[in-house]
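# Commentary on secondary and tertiary structure
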Amino acid sequence: MGPASKRLRVIVTRAREQLEPLATRIEALGHEVVRCPLIELEPAGPERVEVEGYDWVVVTSGYGARELLRRARGSLPPVAAIGPGTAAALRDGGTEPALVARVSTQEGLVAELPSPPGRVLFAGAERARQLLVQELDADFVPLYRTRTLRPDPPPAGDLVVLASASAAKAFAALGLALPAVSIGPETTLAARAAGIDVIGEAEPHDLDGLVAAVRAVSL
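Residues numbered from 1 in each chain as written. Predicted model: local features only at pLDDT ≥ 70, side-chain atom pairs only at ≥ 80, totals over all residues. Heavy atoms only, no water.

### Considering the overall build of the chain
Our working rule: A helix here means a DSSP run of H or I that spans at least four residues, while a strand means a run of E at least two residues long, and both kinds are numbered starting from the N terminus. We take the radius of gyration over the C-alpha atoms and set the globule estimate at 2.2 Å times the residue count to the 0.38 power. Burial status follows relative accessibility: with a 1.4 Å probe on protein chains alone, a residue under 20% of its type maximum counts as buried, one over 50% as exposed, and anything between as partly exposed. All accessible areas in this document rest on Shrake-Rupley with a 1.4 Å probe, and a residue is counted as covered only by the protein chains that are shown. We score Asp and Glu as negative and Lys and Arg as positive, and we do not count His or the chain ends. By convention, the charge on Lys lies at NZ, on Arg at CZ, on Asp at CG and on Glu at CD.
Scanning the chain from N- to C-terminus turns up eight helices and 13 strands. Over its C-alpha trace the chain gives a radius of gyration of 17 Å, about what one expects of a compact globule, namely 17 Å for 219 residues. Taken along its principal axes, the extent of the C-alpha atoms in the chain is 55 × 35 × 30 Å. Sorting the 219 residues of the chain into buried and exposed places 50% on the buried side. Element-wise, carbon and sulfur atoms account for 49% of the exposed surface of the chain, whose accessible area totals about 10,100 Å². Here the chain carries 23 positive and 27 negative side-chain charges, and the mean point of each set is 4 Å from the other.

Pasting the structure below:
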């Protein structure tokens, strides 16, 4: 990609271990990147996740996908991923997702799983939305927790990139009136509910989509 038409200071808010691949690609567009993690992720829940006997396992983030593959015990059933980024993490771990939701929300997953789906295990964040549990009568196992970080002083920039609903809420708490690019529908909903002006959404809902969305809003 060549330099962007308009050079921006872009605030990247991903967790520290996930931040650099996105930051370097945005810099390659010609922008200045402000590295400002607003969340951190850490493992939580049981060290062993028994998956034997389930008809489906559902994962809703790349981090969750990696933790599932690390801890799964028994024969892994078909795995459903909320979107392309989560699917990529499964593939990196040697597992081909059986379903990747076309709309990257829990509602999108519910709509595409078989009806009835059988016995479902939802493996996700400690405080994840429980729509999958409610709609599918799924079991839930926490694999990680998300902690909010509050930088002091707050970052300065022209645009913020939000890759999760947790990051959107953490950014809103800073009270900065900056436009945002979001990774997908759930993050966009959370950001707008918190008063953030979302001017672009990744398509597809992954790293490539985020970079393309930043480029599009800077032209």
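### Some thoughts on the nonpolar core
The condition is simple: Residues grouped as a nonpolar core are buried Ala, Val, Leu, Ile, Met, Phe, Trp, Tyr and Cys residues, joined through side-chain atoms within 4.5 Å.
Core analysis: the biggest nonpolar cluster contains 37 residues, and Leu68 and Leu109 have the highest contact counts within it. Mapped by element, the contributors of at least two residues to this core are strand S3 (39-43), strand S5 (56-59), helix H2 (62-71), strand S7 (79-81), helix H3 (84-92), strand S9 (120-125), helix H5 (131-136) and strand S10 (139-148). The greatest single-element share of this core, amounting to five residues, is contributed by S9. If you look at the next biggest cluster of nonpolar residues, it comprises 19 residues, including Leu159, Ala163, Ala213 and Val214.

### Quick notes on the packing of aromatic side chains
Formally: Two rings from Phe, Tyr or Trp (for Trp, the six-membered ring) form a pair when their centres sit within 6.5 Å of each other. Planes less than 30 degrees apart are called stacked, planes more than 60 degrees apart edge-to-face, and all others tilted. Here, a charge over a ring means that NZ of Lys or CZ of Arg falls within 6 Å of the ring centre while also lying within 35 degrees of the ring normal.
Under the defined criterion, the tally for this structure stands at two aromatic pairs. Residues Tyr63 and Tyr144 carry aromatic rings whose centres are separated by 5.0 Å and whose planes lie at 65° to one another, so their mutual orientation is edge-to-face. Of the two residues, Tyr63 sits in helix H2 while Tyr144 sits in strand S10, which places them 81 residues apart along the sequence. Assigned by exposure class, Tyr63 and Tyr144 land together as buried. One cation-aromatic arrangement involves Arg119 over Tyr54; the distance from NZ or CZ to the ring centre is 4.0 Å.

### Focus: the pairing of strand S2 (residues 32-35)
Going by this rule: Any two strands with at least two DSSP-identified bridges between them are counted as paired.
Sheet topology note: the strand S1 (residues 9-12)/S2 ladder contains four bridges and is parallel. Bridge pairing in S2 places Arg9 opposite Glu32.

### Focus on unusual backbone geometry
With an omega of 5°, the peptide bond between Asp152 and Pro153 qualifies as cis. Not every positive phi belongs to a glycine, and Asp137 is a case in point at roughly 55°. Along the chain, the position of Asp137 falls in the loop between H5 and S10. For Asp137, a relative accessible area of 69% gives the class exposed.

### Quick word on the pattern of salt bridges
Short version of the rule: Just to be clear on terms, a salt bridge is a Lys or Arg side-chain nitrogen sitting within 4 Å of an Asp or Glu carboxyl oxygen.
Counted according to the given criterion, the structure contains 17 salt bridges. For Glu67, the salt bridge identified is with Arg71, shortest N-O distance 2.7 Å. Residue Glu67 and its partner Arg71 are located together in helix H2, separated by four residues, close to a single helical turn. Of the two residues, Glu67 and Arg71, neither departs from the other in class, the shared state being buried. Between Glu186 and Arg129 there is a salt bridge; the shortest N-O distance is 3.1 Å. With Glu186 in helix H7 (residues 185-193) and Arg129 in the loop between S9 and H5, the pair connects residues that are 57 residues apart, well separated along the chain. Residues joined by salt bridges that share partners form a network here, namely Glu42, Glu126, Arg145 and Arg147.

### Details of the side chain of Ser182
For clarity, the threshold we go by: Contacts described as polar in this section are N or O atom pairs within 3.5 Å, which, within protein, must combine one atom able to donate a hydrogen with one able to accept it, while residues neighboring in sequence count only if both atoms come from side chains. Contacts: residue pairs with any heavy atoms within 4.5 Å of one another.
By the secondary structure assignment, Ser182 is in strand S12 (residues 180-182). From its side chain, Ser182 meets the backbone oxygen of Gly184 in a polar contact 2.9 Å long. Discounting chain neighbours no more than four positions away, the residues touching Ser182 are Leu162, Thr187, Thr188, Val198, Gly200, Glu201, Ala202 and Leu210.

### Things to note about the sheet that holds strand S13 (residues 198-201)
Using the following cut-off: To obtain an axis, a line is fitted to C-alpha atoms, over the contacting stretch when the element is a helix, and the angle between two such axes runs from 0 to 180 degrees between their N-to-C directions.
A sheet is described by the order of its strands in space; here five strands give the open sequence S2-S1-S11-S12-S13, paired in parallel fashion. Each edge of the sheet is formed by a strand with only one pairing partner; in this case those strands are S2 and S13. Across this sheet, the average inter-strand angle for adjacent strands is 25°, counted without regard to direction. When S1 meets strand S11 (residues 159-162), the two strands line up parallel, connected through three bridges. Each residue of the ladder has a partner; that of Val10, found in S11, is Leu159. Contacting S1, S2 and S11, helix H1 (residues 16-28) crosses the sheet at an angle of about 160° to S2.

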